[in-house]
Amino acid sequence: MKGARILKRASRRLSSSLTVDKATRAVAPIGADGLAVLPHSLPVLNGAKLPAVREGAQMIEVTVDGHAIQIESGSSILQAIESVGINVPRFCFHERLSVAGNCRMCLVEIEKSPKPVASCAMPTMPGMKIFTNSPMVKKAREGVMEFLLANHPLDCPICDQGGECDLQDQAMLFGSDRSRYYEVKRAVEDKNLGPLVKTVMTRCIHCTRCVRFSQEVAGVNMLGTVGRGNAMEIGTYVGMALNSEMSGNVVDLCPVGALTSKPNAFTARAWEYRSTSSIDVLDGCCPSIKVDNRGGEVMRVQPRTNEDVNEEWISDKTRYAVDGLKRQRLDVPLLRGADGLLAPVDWKTALQILADKLRALRGDQIGAFAGPLVEVEALVALKDLFNSLGSTATFPPTALSADLRASYTLNSTIAGIELCDALLLVGTNPRTEAPLLNTRIRKMVRHYDLPVGLVGSAVDLTYEYSHLGTTAAALSSLLTPSSPFASVLSAAKNPAIVVGTAALLREDGGAIASLVRQVAKASGAKGFSVLHAAAAAVGALDVGFVPGPSAAAPSRLKLAYLLGHDDLPAASLPEDAFVVYQGHHGGAGAQMADLVLPGAAYTEKSATYVNTEGRVQRTAKAVDPPGAAREDWKIVVGLALLAGKPLPYESLGALRERMASLAPFLAAADGEAVAPSSAEIAAAALGAPSAGQPSDAPLGVALSNFYMSDPVSKASPTMAKCVQAFGTRA
Amino acid sequence: MAGSSTGALALRNVAQKSIPFSSSMVETKQRVLSLHRDFLRCVPWIKRSYKVPMSEEKMRTLLTAAFKEKAAENDIHQINRLVVKGRMELEETMMMWKGDSHVISWLEEADAKRTAAMKSKKNEFLDKFFNGL
Ligand code: SF4
Ligand code: FES
């Protein structure tokens, strides 16, 4: 009896395919036309910030699916639709690239237009009536999807993009459930794009995002299309590698699995990752990143959108150097024995030995040196410890004066580059020292013809600039109004001057700084900006991790504490000095050390960093430090206890209060804003007395090797491959 | 105050304060725990309202230490008395019947006491550090 009822019900359901019961309606409701009524907004768009209306823009009214909306005239139909929160499927369109209009996935219907139109490429007209969910649109989308899939391989199970593939997602949402093609799929030869980007070109759907990215953002004309129609292929024309410091971004941009990340090939699936929002500290900009880990191992790093710093790009070092986090790690304390070899000891012994040394030595016999990746917490703790031991010999990663914040930060800010109308670079190669700043500059040069002048070695910057000279003499010539770039600078309303640390850290750095100040004054610039390549640099200056006036010279120290510092020449310390290295990688610093204390890397601790603009941000702990390694501030606090000089904090919260009492802006480490320096302070920074005559040695750049600039990237095998393939980019 | 609203907390406080005595130890234990938790819940609010120059974590530790001090008490009458007194203290604090200096100096004294006690004991931080906690 019961069985018969079930049968009857099933046959009733079959007989009218248009009737859907409640359960299925919850999944995809079917409209009167027999087609699915699609969700109006996808989770990705919910809560997205809409762009602010520009001042003076003319507004027009259009109707989207019956909602009348006001939109800036000249915006595309796609923007109009997005502004009411409706999602339009797309492959080729990308907010930060030019419009190509070649994938046709974004078709919508316009009233009185006989054919659907590509919404990303079509401007809105007053009174336009747009439909995004009409039968015509659905049919068009299904058609486009069918064409795309006709040649797309069915290798999702072995594709690294699987699970985070736009084509998969949109085929599920907007595609038809069957194909009418039985022909053989086309196949395309894979290209070799170098050690970072893996290609499976058969999967390419020819959206040309990668081509546009490399031309527009990365500024290397290396990717292009060859052939047409079914024979179209993407590739470098002459079989070269994609030689750019930003090349990894094409992996994120590619909507399918044609371009995937080579170092991560076949290692993990998208749904196995646990993500942590953090920041990167391998360059001075500290871009926002997402750290994906699996089973306590950092697998990959991807950019997070942050309009103020990295838009949505990151450099290859940020993205691919993380495999260095698994190599050459220090995971137990090491002590140099009588045989001259480092041997493991336990923490108690290690700290006790060091504490005894500190007790036995006078304040003027000990000194601390901070490296490029050290966070503010450890710096403050170490500085407090050394001060309480009577030493002010605390040497920061970049030895600049910490008196005025305006004189050592990038005052123009990274996003502020978009507001300047003339730019002078002094002794820096932004392409290696701050790739993200460089892409901003390129954007301005490309779109607004920003005039850029460079004093220093003539490096390849992905955009045109006037090379004014290699020595400081070129700077003085900018003070004579007859020089062409001087007139450009003085004609500009908001000129910016960016000085690299290579210029300021030379013997004659003071003289160069005062020349720069004179140029800034002559051109009416509000101040000048310093570009740091090290993430620890500004934080160290902010908390006053600088040698005091009575600090002992390195050559007189009996004990040197290297906090992640690898570049100290052994000759600068006396032969018999006891060297302590605290850090996460076994590099040059650990090799010269008598005692090694293993610390945590930036993915293994919550740590505060101040980027070159003075933006205070915090990393998040994604995985645990390896072995017996400890968070750096804890090591210092523990040492202080054993040395009989307990620090007034034993928790991260209390330590951060101490930081905030040193520099109040360190309290809110949300990276939201940069504490601006007031006009008077900026003027004071410009008014510093001039010092001496600069030498006529040519100005260099801060990094001699872009791919291997810090302990993490030096340990990374991928970065080593990059050096082989692309050189050092110096 | 994250988690529980100030109103609910104040209500519970008044209700609990007016129970003069609970005769069973089980019930009393619950009242003590609830009082402890209410104190901890109030910490962010107290820090803000009385401008306490201490981290929340520290304040919580000190409050907990004050409870632990009486951990050996096993006379049910005494415990009940303490609970009511605690409730009264909490009420005074929440109603802003105290001044900034009352609260701050109580905490500071408690801190000084604790540091002195810790000095004589072995250091907790180092124990944890060596054990990798
Ligand atoms: S490789 Fe990827 S990004 Fe480049 S055109 Fe093909 S699908 Fe688009
Ligand atoms: S997104 Fe509009 S045509 Fe590709």
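All residue numbers here refer to positions counted from 1 along the written sequence of the relevant chain. Note on labels: chains are lettered from A, ligands numbered from 1, in written order. Only residues with pLDDT of at least 70 are given local features in this predicted model, and only at 80 or more are side-chain atom pairs given and counted; all residues enter the totals for whole chains, interfaces and linings. The basis for every side-chain value is the complete set of non-hydrogen atoms in the structure, without hydrogens or water.

K.L.:
Teacher, can you tell me more about the overall build of chain B here?
P.N.:
Numbering goes from the N terminus for both helices and strands, where a helix is a DSSP run of H or I of at least four residues and a strand is a run of E of at least two. For chain B, the count of helices and strands is six helices and zero strands. Going residue by residue from the N terminus, the α and β elements of chain B occur as α-α-α-α-α-α. Expressed as lengths along the three principal axes of its C-alpha atoms, the size of chain B is roughly 45 × 35 × 25 Å. A total of 133 residues make up chain B; the buried ones form 35% of that total. Any two residues whose heavy atoms approach within 4.5 Å are treated as being in contact. In chain B, the share of contacts with a sequence separation of at least 24, taken over all contacts with a separation of at least 6, comes to 77%. Only protein chains enter the accessibility calculation, which uses a 1.4 Å probe; a residue is then buried when its area is under 20% of its type maximum, exposed when over 50%, and partly exposed in between.

K.L.:
I tried to follow the overall build of chain A on my own but got confused; where do I start?
P.N.:
Across its full length, chain A carries 23 helices and 26 strands. As a reference, a globule follows 2.2 Å times the number of residues to the power 0.38, and the radius of gyration itself is taken over C-alpha atoms. Its C-alpha radius of gyration of 29 Å places chain A within 12% of the 27 Å reference for a compact globule of 730 residues. Projected onto the principal axes, the alpha-carbon positions of chain A cover approximately 95 × 75 × 50 Å. Of all 730 residues assigned to chain A, the portion counted as buried reaches 55%. In chain A, once contacts between residues fewer than 6 apart in sequence are set aside, the share between residues at least 24 apart is 70%. To measure how exposed things are, a 1.4 Å probe is used in the Shrake-Rupley method; for residues, cover is taken only from the protein chains shown. With the model as given, the accessible surface of chain A reaches about 31000 Å², and the carbon-plus-sulfur share is 55%. Averaging the positions of the 72 positive and the 71 negative side-chain charges in chain A gives two centres separated by 7 Å. This count recognises Lys and Arg as positive and Asp and Glu as negative, with His and chain-terminal groups excluded. Charged groups are reduced to one reference atom each: NZ for lysine, CZ for arginine, CG for aspartic acid, CD for glutamic acid.

K.L.:
Sorry if this is basic, but what is going on with the site of ligand 1 here?
P.N.:
Whether a residue is near a molecule or strand depends on its heavy atoms: it is near if one of them lies within 4 Å of it. Around ligand 1, the surrounding shell holds 13 residues, and the nearest of these are A:Cys204, A:Cys207, A:Thr208, A:Cys210 and A:Cys254. Gly is put with the polar residues, along with every residue not named as nonpolar or charged; the nonpolar set is Ala, Val, Leu, Ile, Met, Phe, Trp, Tyr, Cys and Pro, and the charged set is Asp, Glu, Lys and Arg. For the shell around ligand 1, the residue count by class is 11 nonpolar, two polar and no charged.

K.L.:
Explain the pattern of salt bridges to me, please; I cannot follow it from the model alone.
P.N.:
When their charged atoms lie close together, side chains carrying opposite charge are able to pair. Residue and element names in this part refer to chain A. Throughout this description, the term salt bridge denotes a Lys or Arg side-chain nitrogen within 4 Å of a carboxyl oxygen of Asp or Glu. Under the counting rule described, the total for this entry stands at 41 salt bridges over all chains. As a salt-bridge pair, Arg329 and Glu604 come within 2.8 Å of each other at their nearest N and O atoms. A residue pair is termed long-range when its members are at least 10 positions apart, and Arg329 in the loop between helix 8 (316–320) and strand 13 (334–336) and Glu604 in the loop between strand 24 (595–598) and strand 25 (608–610) qualify at 275 residues. Glu604 shares its class with Arg329; the two are buried. Beyond isolated ion pairs, a larger network of salt bridges with shared partners links Glu164, Lys290, Asp292 and Arg300.

K.L.:
Mind showing me how you'd approach helix 4 (residues 76–94) of chain B here?
P.N.:
Note: α-helices contain 3.6 residues per turn, so residues at a spacing of three or four share the same orientation. All names here are of chain B. Multiplying 1.5 Å by the residue count of a helix minus one yields the expected span of that helix. Between its first and last C-alpha, helix 4 extends 27 Å over 19 residues, near the 27 Å set by a 1.5 Å rise per residue. Here helix 4 has its buried residues at Ile76, Ile79, Asn80, Val83, Val84, Gly86, Arg87, Leu90, Glu91, Thr93 and Met94. Any pair of N or O atoms that falls within 3.5 Å is considered a polar contact. Within protein, one atom must be able to donate a hydrogen and the other to accept it, and sequence-neighbouring residues count only if both atoms are side-chain atoms. Of the residues that open helix 4, the one with a side-chain oxygen 2.9 Å from the backbone nitrogen of His77 is Asp75. Two residues or fewer after helix 4 comes Met96, characterised by a positive phi angle close to 60 degrees.

K.L.:
Can you help me understand the confidence of the model for chain B in this one?
P.N.:
Summary of the metric used: pLDDT quantifies the predictor's per-residue confidence within the range 0 to 100. The pLDDT averaged across chain B works out to 86; a share of 95% of its residues lies at or above 70. Quick note on the complex model: pTM equals 0.79, ipTM equals 0.71.

K.L.:
Help me understand the sheet that holds strand 24 of chain A in this model?
P.N.:
Residues and elements named next belong to chain A. One requirement defines pairing of two strands: DSSP has to find at least two bridges between them. Taken together, seven strands build an open sheet; the order of strands is 14-13-24-23-22-15-16 and the sheet is mixed. The open sheet terminates on both sides in strands that have one partner only, identified here as strand 14 (342–344) and strand 16 (394–395). Relative to strand 22 (residues 559–563), strand 15 (residues 366–370) runs parallel, the two being bridged by five bridges. Bridged to Gly367 within strand 22 is Ala560. Where helix 9 (residues 347–360) meets the sheet, its contacts fall on strand 13, strand 15, strand 22, strand 23 (578–583) and strand 24, and the angle it forms with strand 24 comes to roughly 125 degrees. Where helices are involved, their axes are fitted lines through C-alpha atoms of the stretch in contact, as for all axes, and angles between N-to-C directions lie from 0 to 180°.

K.L.:
For this particular structure, what's the right way to read the interface of chain A and chain B?
P.N.:
A common way to state how big an interface is: give the accessible area lost once the parts meet. Contact with chain A, which involves 16 residues of that partner, is made by 14 residues of chain B. For the pairing of chain A and chain B, the buried interface totals around 1200 Å² over both sides, and the portion due to carbon and sulfur atoms is 67%. Contact with chain B buries surface across chain A, with A:Arg630, A:Glu650 and A:Glu657 losing the most and accounting together for 37% of the total. Inspection of the region where chain A meets chain B yields one salt bridge. The partner of B:Lys47 in a salt bridge is A:Glu657, with the nearest N and O atoms 3.4 Å apart. Summed over the shared surface of chain A and chain B, the number is three residue pairs in polar contact (both at pLDDT 80 or more). Mapped by element, the contributors of at least two residues to the side of chain A that touches chain B are helix 9, helix 19 (632–642) and helix 20 (652–662) of chain A. Buried area: the accessible surface (1.4 Å probe) lost by two parts on joining, summed over both.

K.L.:
So what exactly am I meant to see when it comes to the nonpolar core here?
P.N.:
One recurring pattern in soluble globular proteins is that nonpolar side chains are buried together. Residues and elements named next belong to chain A. Each nonpolar core is a collection of buried residues, namely Ala, Val, Leu, Ile, Met, Phe, Trp, Tyr and Cys, held together in the definition by side-chain atoms within 4.5 Å. Counting 110 residues, the largest nonpolar core has Val62, Phe91, Phe213, Leu423, Leu425 and Ile441 as the members making the most contacts within it. Element by element, the count of residues in this core is highest for helix 12 (residues 435–448), at five residues. The contact partners of Leu425, leaving out residues within four places of it in the chain, are Pro430, Ile441, Val452, Gly453, Leu454, Val455, Leu461, Tyr463 and Val498.

K.L.:
Just to check I follow, could you spell out the sheet that holds strand 3 (residues 107–110) of chain A for this structure?
P.N.:
As a general point, the strands of a sheet are linked pairwise by backbone hydrogen bonds and lie either parallel or antiparallel. Residues and elements named next belong to chain A. Spatially, five strands are ordered 2-1-5-3-4 in an open sheet, and the strand pairing comes out mixed. The open sheet has two free edges, formed respectively by strand 2 (67–72) and strand 4 (117–118), since each of these has just one partner strand. Where strand 3 meets strand 5 (residues 129–131), two bridges bridge the pair, whose relative direction is antiparallel. Each residue of the ladder has a partner; that of Glu109, found in strand 5, is Phe131. Along the sheet, helix 4 (residues 135–150) contacts strand 3 and strand 5; its crossing angle with strand 3, the most-contacted strand, is approximately 155 degrees.

K.L.:
In this structure, what is going on with the pairing of strand 15 of chain A? I would like to understand it.
P.N.:
In the case of a regular strand, side chains alternate between the two sheet surfaces. Residues and elements named next belong to chain A. Burial of strand 15 is extensive: five of the five residues sit out of reach of the surface. Of the two faces of strand 15, the one carrying Ile366, Ala368 and Ala370 and the one carrying Gly367 and Phe369 are both buried. Across two bridges, strand 15 lies against strand 16 in parallel orientation. The residue bridging Phe369 from the neighbouring strand is Phe395, located in strand 16. A crossover counts as right-handed when, viewed with the strands pointing away from the observer, the path leading from the first strand over the helix to the second turns clockwise. One crossover worth recording links strand 15 to the parallel strand 16 by way of helix 10 (residues 376–388), and it is right-handed.

K.L.:
I keep staring at the packing of helix 6 (residues 209–217) of chain A against helix 12 of chain A and nothing clicks. Help me out?
P.N.:
A pair of packed helices can be characterised by two numbers: the angle between their axes and the separation between those axes. Residues and elements named next belong to chain A. Relative to each other, helix 6 and helix 12 sit at 85 degrees, their axes nearing to 9 Å. When the interaxial angle is binned, helix 6 and helix 12 end up roughly perpendicular. Residue-level contacts link Gln215, Glu216 and Val217 of helix 6 to Thr439, Arg442 and Arg446 of helix 12. Per-class residue counts for the contact of helix 6 with helix 12 are one nonpolar, two polar and three charged. Between 65 and 115 degrees an angle is taken as roughly perpendicular, under 35 as roughly parallel, over 145 as roughly antiparallel, and anywhere else as oblique.

K.L.:
Can you help me understand the side chain of A:Asp283 in this one?
P.N.:
Residue and element names in this part refer to chain A. Assignment of secondary structure puts Asp283 in the loop between strand 10 (274–279) and strand 11 (288–294). Comment: no salt bridge for buried Asp283; closest opposite-charge side chain is Lys317, at 6.1 Å. Every residue in contact with Asp283, bar those within four places of it in the chain, is listed here: Ser315, Thr318, Glu433, Pro435, Ala533 and Ala535.

K.L.:
Is there a simple way to explain a nonpolar patch on the surface in this structure?
P.N.:
Taken together, the side chains of A:Val226, A:Tyr237, A:Val238 and A:Met240 define a hydrophobic patch exposed on the protein surface, amounting to about 410 Å² of accessible area. Here A:Tyr237 shows up in the loop between strand 8 (233–236) and helix 7 (249–253). Patch definition: residues above 30% relative accessible area lacking any salt bridge, with like charges linked at up to 9 Å and the nonpolar side chains Val, Leu, Ile, Met, Phe, Trp and Tyr linked at up to 5 Å.

K.L.:
Please explain the UniProt feature "domain: 4Fe-4S His(Cys)3-ligated-type" (unreviewed entry) in chain A as it appears in this structure.
P.N.:
UniProt positions are given in the numbering used here, feature names are shortened, and annotations may be inferred rather than shown by experiment. Feature annotation in UniProt assigns "domain: 4Fe-4S His(Cys)3-ligated-type" (unreviewed entry) to the following positions: residues 136–175 of chain A. The span residues 136–175 of chain A is 60% helical and 0% strand by assignment, and the distance between its end C-alpha atoms comes to 14 Å.

K.L.:
Help me out: how do you make sense of the packing of aromatic side chains in this one?
P.N.:
Any two aromatic rings considered together are summarised by their centre-to-centre distance and by the angle between their planes. A pair of Phe, Tyr and Trp rings is counted when the ring centres sit within 6.5 Å of each other, with Trp represented by its six-membered ring. The angle between the planes then sorts it: under 30 degrees is stacked, over 60 is edge-to-face, the rest tilted. Applying the stated criterion across every chain, the model contains 12 aromatic pairs over all chains. Ring centres 6.4 Å apart and planes at 80 degrees place the aromatic pair B:Trp45 and B:Tyr50 in the edge-to-face group. According to the relative accessible area criterion, B:Trp45 is buried, its value standing at 15%. Aromatic side chains B:Phe129 and B:Phe130 sit 5.9 Å apart centroid to centroid with 75 degrees between the ring planes, which places their arrangement in the edge-to-face category. A connected cluster of aromatic rings, assembled from ring pairs, spans A:Trp347, A:Trp633, B:Phe125, B:Phe129 and B:Phe130. Over the aromatic face of A:Phe665 sits the side chain of A:Arg405, whose NZ or CZ is 3.9 Å from the ring centroid. For a lysine, the NZ atom is tested; for an arginine, the CZ atom; a charge sits over a ring if that atom is within 6 Å of the ring centre and within 35 degrees of the ring normal.

K.L.:
Teacher, can you tell me more about unusual backbone geometry here?
P.N.:
Excluding glycine, residues mostly carry a negative phi; peptide bonds, for their part, are mostly trans. Residue and element names in this part refer to chain A. Positive phi, close to 45 degrees, is recorded for Asp65, a residue that is not glycine. Take Asp65: it is sitting in the loop between strand 1 (59–64) and strand 2. If you check the backbone angles, Cys286 has positive phi at about 50 degrees while not being a glycine. Note on placement: Cys286 falls in the loop between strand 10 and strand 11. Look at Cys286 and you get buried, because its relative accessible area is 0%.

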